[in-house]
Structures are given as structure tokens and as C-alpha cells.
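Coordinate analysis (summary)
Each chain is listed here by its residues.
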Amino acid sequence: MQELLESGLLVVVTILSVVLLLMGQKKSSGMTRKQKVMLWRILIATVLLLGLQTLGAEAFDQLGAAGRWIRLAVHLIDYLIIGYDILKKAFKGICNRQVFDENFLMAVATLGALALAVYENGEYLEVIAVMLFYQVGEWFQSYAVGRSRRNISDLMDIRPDYANVERDGKLEKVDPDEVDMGSIIIVQPGEKVPIDGVIVEGTSTLNTAALTGESLPRDAKTGDEVISGCINMTGVLKIQTSKEFGESTVSKILDLVENASSRKSKSEDFISRFARIYTPAVCYAALALAILPPLVQMVGMGLAPAWETWIYRALTFLVASCPCALVISIPLSFFAGIGGASRAGVLVKGSNYLETLSQVKTLVFDKTGTLTQGVFEVNGIHHSDLSDEKLVEYAALAESASSHPISKSLQRAYGKEIDRSRVTEIQEISGNGVIAKVDSVEVAAGNDKLMDRLGIAYISCHSVGTIIHMAINGKYAGHIVIADIVKPHSKEAIRQLKAAGVRKTVMLTGDAKKVANQVAASLGLDEVYSELLPADKVEKVEALLQAKPEREKLAFVGDGINDAPVLRRADIGIAMGAMGSDAAIEAADVVLMDDDPLQISKAIKISRKCLGIVYQNIVFSIAVKLACLILVAFGVANMWLAVFADVGVMILAILNAIRALRVQNL
Amino acid sequence: MKKTYKIEVDCANCANLMEEAARKTAGVAAATVNFMTQKMIVEFAEGQDAVQVMDGVRKACKKVEPDCEIFL
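First, a word on what this report is: a plain description of the structure on this page. (Residues numbered from 1 in each chain as written. Chains lettered and ligands numbered in written order. Predicted model: local features only at pLDDT ≥ 70, side-chain atom pairs only at ≥ 80, totals over all residues.)

1. Comments concerning the overall build of chain A
Inclusion rule: Helix and strand definitions here come from DSSP, where helices need a minimum of 4 consecutive H or I residues and strands a minimum of 2 consecutive E residues; each element is numbered from the N-terminal end. Atoms considered for the radius of gyration are the C-alpha atoms alone. The globule rule reads 2.2 Å times the number of residues to the power 0.38. Comment: burial labels come from other C-beta atoms within 10 Å of the residue's own C-beta, placed from the backbone, where a count of 20 or more is buried, 12 or fewer is exposed, and between is partly exposed. Whether two residues are in contact is decided by their C-beta atoms, placed from the backbone, lying within 7 Å.
Of regular secondary structure, chain A possesses 22 helices and 22 strands. For chain A, the C-alpha radius of gyration of 34 Å lies well beyond 26 Å, the compact-globule estimate for 666 residues. Projected onto its principal axes, the C-alpha positions of chain A cover 120 × 70 × 40 Å. Expressed as a percentage of its 666 residues, the buried residues of chain A come to 46%. A separation threshold of at least 6 residues defines the contact pool for chain A, and within that pool the share at least 24 residues apart is 66%.

Put into C-alpha cells, the structure is as follows:
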């Protein structure tokens, strides 16, 4: 029965390697030369072994005394065909003082078993088969890892290959690297926008799915900024580039994602530390297994020592102990997770951040631009003696130097070109407002605090929104109400975050208490802190960091404008809607390409899934390994089972790791 | 000065060994091996010749992992 099973396995390996070799003829298989050579070696060794098995030991016995040695020689040749590189590597390792690695384990185990077989003139099959199956496992590992590596890289491949430049009335394809800033490039339907720029001619719809994960196409017309990596869907676009290729969004993203897996997570560190102690420990355990039990039997109980049994068990123990499944599957899981996330528009800057993200229990939001659209509109003008237009004009001019969303909305409400030369002596008082001279009239525009500071009596407003009090020449001139709109998905996002296990949601804002409370209540947030200056936000986050247990992490989500210090201070900083914003990409650990708050819950779910897979692989591999080692030590399992356990666990772990890539439906 | 090289290495642990070996090579300020993208990023110390240093890095890597390849 056993013989039949063994021969059957060898036939399976033969067929498999022939099929794989045929597959390898095709270019698309992606097999390297090294892998093909290895396949040939596997095939030759298997066929030879099958031949020797059918011949059997009796055939050699007929040759007389020399038969035993001829049999050894033939088997030795077969052994060397399949295993010479392992022996070479193990030998080199010893020379270079890198003794304990899996090559060493395999070399010692098989050479030991070989010596036993020679001594007993017994079965050589097992020695060669163990080496053979180890090599088959290694081959699969190398192929599967290479394959999945390429799959993931292809998925993330948003790198444009060329840019179209018009020369002498003809389109020429050039390397995007060679396009100077300010050149005009042409993007045809179906092509990727290679470099960031502004449309100078043409209208089209752009598919940003590769960048943001958002499948809804965007309209683009003359004058709009476009970022590289989008796919032009309908019309021909002429684009004036505003950056060099190396500085463009697409290059930055690729850079970031490619370097992400270099930042190692704690789990990865754990594995490399584990491997460093594990291999020597196993070697010593095997040595002890070979020596101690026979000694005890001989000396302690007065029985025969049974050296062969225990040496065989020790060798099997070595075979069973290879830590490959762990070492390979953990980085692969992280890589797949980061790759999958980037497909969904979530850029994670490193495995360590993915890990931290999965432990987030407290989520702190910035209000403006994160939960609300940050697009303010002038809602009303009250108590003004001047005409409404005049008041808005003053406000817009006074705030003309500021990039705050509120200033922007005033400028939009004004609607005309702003003549900066009319404004002098601009003083920005952070968290209060602005004082400036407009047409030599002193204009103060800001909140209650500014009026208090200037000692001007003001009239409070009943409407919910941001109130900008105006004072002209030191006299109160009414207020402008500006309201922000909550993003359509904010409420759903908070609900999903809670469902995903986030315990506490906090909102920080520089905005007035009334507005903040109203927004927080409508979204169902747990805590809200309002009227904060940028520095107060850092303090609040620090207080929240102090209050929570060490293991539970705190994330801060902001739009990357004005909150870089907070993004850095939090355990993990998430920047939203960062397409094209360098500051945000720089400061944050996780960058959401889209400004949809649902992306936050998506990012957390992706990280949870990925880390779940990592833990599954760790626990599963170690558990199976330990079980095998125990079985082997008690003599229940033989070398065959040991190799199968090793290869099987590894392949399962790799397949499991690939699952981290599928995040579309989270 | 920082340079990126394409590498070929089969296993993640070997990549770690290469990284360690590269870091210890004279003239290298910092080195990272990215197994997944099969790239090695080497930062050279001030005033070092990249070609010469990489020769040393390659030798050091071959020592710990004979199967690896660095495309200079």
C-alpha cells in the first residue's frame, strides 16, 4: 500500500512538471530561467527515481557483491541531480558562518538519512524523495510568490508609458520624463494623462478609478486642472503641464506605494526575530532528540539504545521545522493589503501604518473639509448699514491674502477679480480674523473674539453657521453668515466606523460651538470640541492620547490643510481628498485619494482584513509546525509527512495572503 | 546620493539577509531591500563612488545568498 502511494506521488510529480514545462514555453507564464531549469531537474530526478523503484533492490542483488555499491552510486547520482545546489549552499553557508538556514537543515537531514540507508543497505527512496519534495515546494513557493508579486504590481501599475507631444504638426510619443514643465501635451481618448497640468483645449470625462477607487467619471473642461493617472475617456485634450513627470501625482503615488513595504510592521519584525532564534533552537532540539533518549534508555533503563530510530526521528524533526511558510506569507500579506488598498484609493505609507490602522479605537475628525464639504456659502447678511455688496466687497478684500475656506467663499461671493493693490497692512490674527486697510478704510473681519479684542460691541446671530462680524473704522457694520454643508456620506461613514469597531468618534473644530454641536448631533459623534486654535487641536489630541489605553490607537483625519502638526502627533494621521496636495501626502501616514468620508471606514476595514490574514497565517503556520514537530518527536510521523506539512502549509499561507488583495467589496 | 537597483531574489528571508549585508558594506550609508518590488535602494556615504561600492555590496550579498542577483 505504502509503495503504491509513493509511486503514485512520483507519477503525479512527473505529470505536473511536464505540464508546467509546457506552460513555461509561453511567454505569459512569467517563469524565470532558473525556475525552468529547476523543473527539468525535478522531472529528470523523478523519472530516474521511478525507474529505480520499479527495478527494485533485487535487480541489483543479482549483480553480486558489487550490486550494493552500484545501487548506491545510481541513487547518489539521482540525489545529486535534485539536491546538489542545496548541498552547495549549505556548505557555503558554513564557510560564511551563516550556519543555521533551511539549506543546512535539509542537507543535514538528507545526508544523515543517506548515511543510515548506506549503513543498512536499506531504502534510498525516502532520502531522494524528501529532497525532491522539498525542491518541489521551493519551486512552488518561488513561482507563487513571483506570480502574486507581479499580479499585485500590475494592479498598481498606473505608470504612463509615454506622452504625446505635437511636433511639426505630427503627434510624437516621447518618454514622459523628457517633457519639460509648461509643454503642451495631447491626450487622446483611452489614454492615461501622463503629467499633471491644466487643460488648454478640449472637454472630456476622466476616469479616476485607478487613483481614487471612485468609479463615477469626472467631467473636465478647458481651464480645469487634471492630475496624472486619470484615464481620458471621451474627447481629445490639450494639456499644458504644470509639473515635471517626477513631481507629478502619479510618480509620487507610485513612489509611495513601492516604498511602503520597506517600512516593516511589528508582525514582520516579530517574524524575523522569531526566525533568528527558531532555526538554531530547532537544530539543538534535534541534536538533543538524537542523543538524549538513547542515552536515557541505555543508562537509565538498561535497554538497547536504538540509535538509528532516534537519529532518524531527529532528522525528520529537522525536515519538519523549516519556517518558510511564515517568513514568506507575512510580507506577502502586507504587500497584497497595501496593493489592494491603493486600488481602492487608500494609500498606506507602510506595513507598520496598516497595522496601526487596524488597532484604531478612537477616531478624531477635523470638521471642515473632512465631515463637511468645506465649501462655504454666504447664507445671509444681517444688521448692515452698508449695501450687502459693499460689505462683502470689504470682507473679500480684507481676507484676500488668506487661503482659509471661509475667505475663499467670501471671495467667491464677491465674484469679481480681486485687486490686491487696494489692500494694505494686512494682519492675520490666528483663530480670530483679519484686520486690514482697504482703500485706506480700516476693516476688521472676524469672529466674536476679534470684536472683543478690539472692544467693539457686536450683535450675536441666531442662525447656525460661521458668523463673520465686520467693523469698519472701528464701528460695527453687521455680520455675514456663512454656512458649510455636511458631506452626503458623513453620517453613513460614522455608522460604518462604529460597526467596524471604532469605539469613540471625536470632532475638533475651530468653528463656533453652536455650529459644531449641531453638526456633531446630526452625525451622531460622541464628543465635540469647538472654537479651537490649531495649537489647541494638538493639545486636545495629546489629552485624548493620554486618556486611552496603550494598545488602542488614535487616528486623526484631516484634509491636510492647517492640520499637519496634528496629523503627525496622532498615532496615525489620515489625510483626505489629497489628490494633488503635496503637503498632505507628506504629513500623513495614510492618504485617501477621494474626499468621501466612507473611504475612512473602508481604510480601516481593509487594514482589519489584512491584519486578520496576517494573524491567521502566523497562528496557522506555527500551530501546524508545532503539531508536526511533536508528532515527529514521538515517532508518529515520518519524513514524507514532514515535507508535505511544510509545503502544504506554505502554499495555503500564500493563497491566504493573496486574499488581502481583494478589498473591493468591503 | 541615493540609487535604486533592480535585484532578483527568491525568498523574503534572503532579502533581509541581503539588506543586512548591504548595510554593513563600507561606503554604504543606508540600504533597504524591497522584496516585493525586487528593488534595492542604496544611499551612499559622502564622496563614495557608487560603482565601486556596489561591487562590494554585490560581493557581500552573494556571500549570504548565492542565488541573488543585483543588476548594476
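And the narrative resumes.
2. Considerations on the interface of chain A and chain B
Using the following cut-off: When residues are sorted by character, Ala, Val, Leu, Ile, Met, Phe, Trp, Tyr, Cys and Pro go into the nonpolar class, Asp, Glu, Lys and Arg into the charged class, and all the rest, Gly among them, into the polar class.
With 16 residues of chain A at the interface, the matching set in chain B holds 13 residues. For the side of chain A that touches chain B, the secondary-structure elements that each account for two or more residues are helix 3 (67–95), helix 5 (125–155), helix 8 (266–300) and helix 10 (324–343) of chain A. Ranked by residue count, the leading element in the side of chain A that touches chain B is helix 10 of chain A, at 4 residues. For the side of chain A that touches chain B, the per-class residue count stands at 5 nonpolar, 7 polar and 4 charged.

3. Observations regarding the pairing of strand 2 (residues 170–174) of chain A
All names here are of chain A. Just so we agree on the cut-off: Note on pairing: DSSP must find at least two bridges between two strands before they are called paired.
Among the 5 residues that make up strand 2, 0 are buried, leaving the element largely open to the surroundings. Alignment of strand 1 (residues 163–167) against strand 2, held across 5 bridges, turns out to be antiparallel. Residue pairing across strands places Ala 163 opposite Val 174, the latter belonging to strand 2. The hairpin turn running from strand 1 into strand 2, its antiparallel successor, is 2 residues long, and Asp 168 in that turn takes a positive phi close to 50 degrees.

4. Digging into unusual backbone geometry
Residue and element names in this part refer to chain A. Although it is not a glycine, Ser 440 sits at a positive phi angle of roughly 55 degrees. Structurally, the position occupied by Ser 440 is in the loop between strand 14 (433–438) and strand 15 (441–446). For Asn 473, which is not a glycine, the phi torsion comes out positive at approximately 50 degrees. In this structure, Asn 473 sits in the loop between strand 16 (466–472) and strand 17 (475–483).

5. What about the environment of Ile 429 of chain A?
Positionally, Ile 429 of chain A belongs in strand 13 (residues 423–429). Between the C-alpha atoms of Ile 429 of chain A and Leu 450 of chain A, which are 21 residues apart in sequence, the distance is 8.3 Å.

6. A short note on the sheet that holds strand 19 (residues 527–529) of chain A
All names here are of chain A. This is how the line gets drawn: In this description, a line fitted to the C-alpha atoms serves as the axis of each element, helices being fitted only across the stretch in contact, and the angle between N-to-C directions of two axes falls anywhere from 0 to 180 degrees.
Spatially, the 7 strands line up as an open sheet ordered 10-22-21-20-11-18-19, and their pairing is mixed. Edge positions in the open sheet fall to strand 10 (346–348) and strand 19, since each of these has one partner strand only. With strand direction ignored, the average angle separating the axes of adjacent strands in the sheet is 20 degrees. Here strand 10 runs beside strand 22 (residues 590–592); their pairing, made up of 3 bridges, is antiparallel. Across the sheet, the residue bridging to Leu 347 is Val 591, located in strand 22. Contacts from helix 11 (residues 351–358) reach strand 10, strand 11 (360–366), strand 20 (553–558), strand 21 (572–575) and strand 22, with the element oriented near 95 degrees to strand 21.

7. Side note on the environment of Arg 453 of chain A
Mapped onto the elements of the fold, Arg 453 of chain A is located in helix 15 (residues 448–454). Residue Arg 453 of chain A is classed as partly exposed on the basis of its 15 C-beta neighbours within 10 Å.

8. Points about helix 4 (residues 102–120) of chain A
We count it as follows: Given the number of residues in a helix, its expected span is that number minus one, multiplied by 1.5 Å.
The end-to-end C-alpha distance of helix 4 of chain A, which contains 19 residues, comes to 27 Å, matching closely the 27 Å that a straight helix rising 1.5 Å per residue would cover. Regarding helix 4 of chain A, the residues found buried are Glu 102, Asn 103, Phe 104, Leu 105, Met 106, Ala 107, Ala 109, Thr 110, Ala 113 and Leu 114 of chain A.

9. Side note on the sheet that holds strand 4 (residues 69–71) of chain B
All names here are of chain B. On the basis of which strands lie adjacent, the open sheet formed by 4 strands has the order 2-3-1-4 and antiparallel pairing. A single partner strand is all that each edge strand has here, and the edge strands are strand 2 (28–34) and strand 4. Recorded for the sheet is a direction-independent mean angle of 30 degrees between the axes of neighbouring strands. In this sheet, strand 4 lies alongside strand 1 (residues 2–8) in antiparallel orientation, the contact comprising 3 bridges. Bridging from a neighbouring strand, Lys 6 pairs with Phe 71 of strand 4.

10. Quick word on the packing of helix 11 of chain A against helix 21 (residues 598–633) of chain A
Residues and elements named next belong to chain A. Inclusion rule: Angular relationships are summarised with four words: roughly parallel below 35 degrees, roughly antiparallel beyond 145, roughly perpendicular across 65 to 115, and oblique for the angles in between.
Viewed as axis vectors pointing N to C, helix 11 and helix 21 meet at an angle of 105 degrees, and their least axial separation amounts to 8 Å. Regarding the angle of helix 11 to helix 21, the classification is roughly perpendicular. The segment helix 11 lies against helix 21, with Leu 354, Glu 355, Leu 357 and Ser 358 engaging Ala 603, Ile 604, Ser 607, Arg 608, Cys 610 and Leu 611. Of the residues in the contact of helix 11 with helix 21, the class split is 6 nonpolar, 2 polar and 2 charged.

11. Regarding the packing of helix 21 of chain A against helix 22 (residues 639–658) of chain A
Residue and element names in this part refer to chain A. Following both chains from N to C, one finds helix 21 and helix 22 inclined at 175 degrees, their axes separated by 10 Å at the closest point. As summarised for this structure, helix 21 and helix 22 are arranged roughly antiparallel, according to the angle between their axes. Together, Ile 613, Gln 616, Asn 617, Phe 620, Ser 621, Val 624, Cys 628 and Val 632 of helix 21 and Ala 642, Ala 645, Val 649, Ala 653, Asn 656 and Ala 657 of helix 22 make up the contact between the two elements. Each residue belonging to the contact of helix 21 with helix 22 can be placed in one class, and the counts come to 10 nonpolar, 4 polar and no charged.

12. Description of the nonpolar core
Note the threshold: A set of buried Ala, Val, Leu, Ile, Met, Phe, Trp, Tyr and Cys residues, joined to one another through C-beta atoms within 7 Å, is what we call a nonpolar core.
Of all hydrophobic cores here, the largest spans 178 residues; its most connected members are Ala 555, Ile 574 and Val 590 of chain A together with Met 18 and Ala 22 of chain B. It is helix 21 of chain A that contributes the most residues to this core, 13 residues altogether. Leaving out residues up to four positions away in the same chain, Ala 555 of chain A has contacts with Leu 357, Val 360, Leu 363, Val 364, Ala 570, Asp 571, Ile 572 and Ile 574 of chain A.

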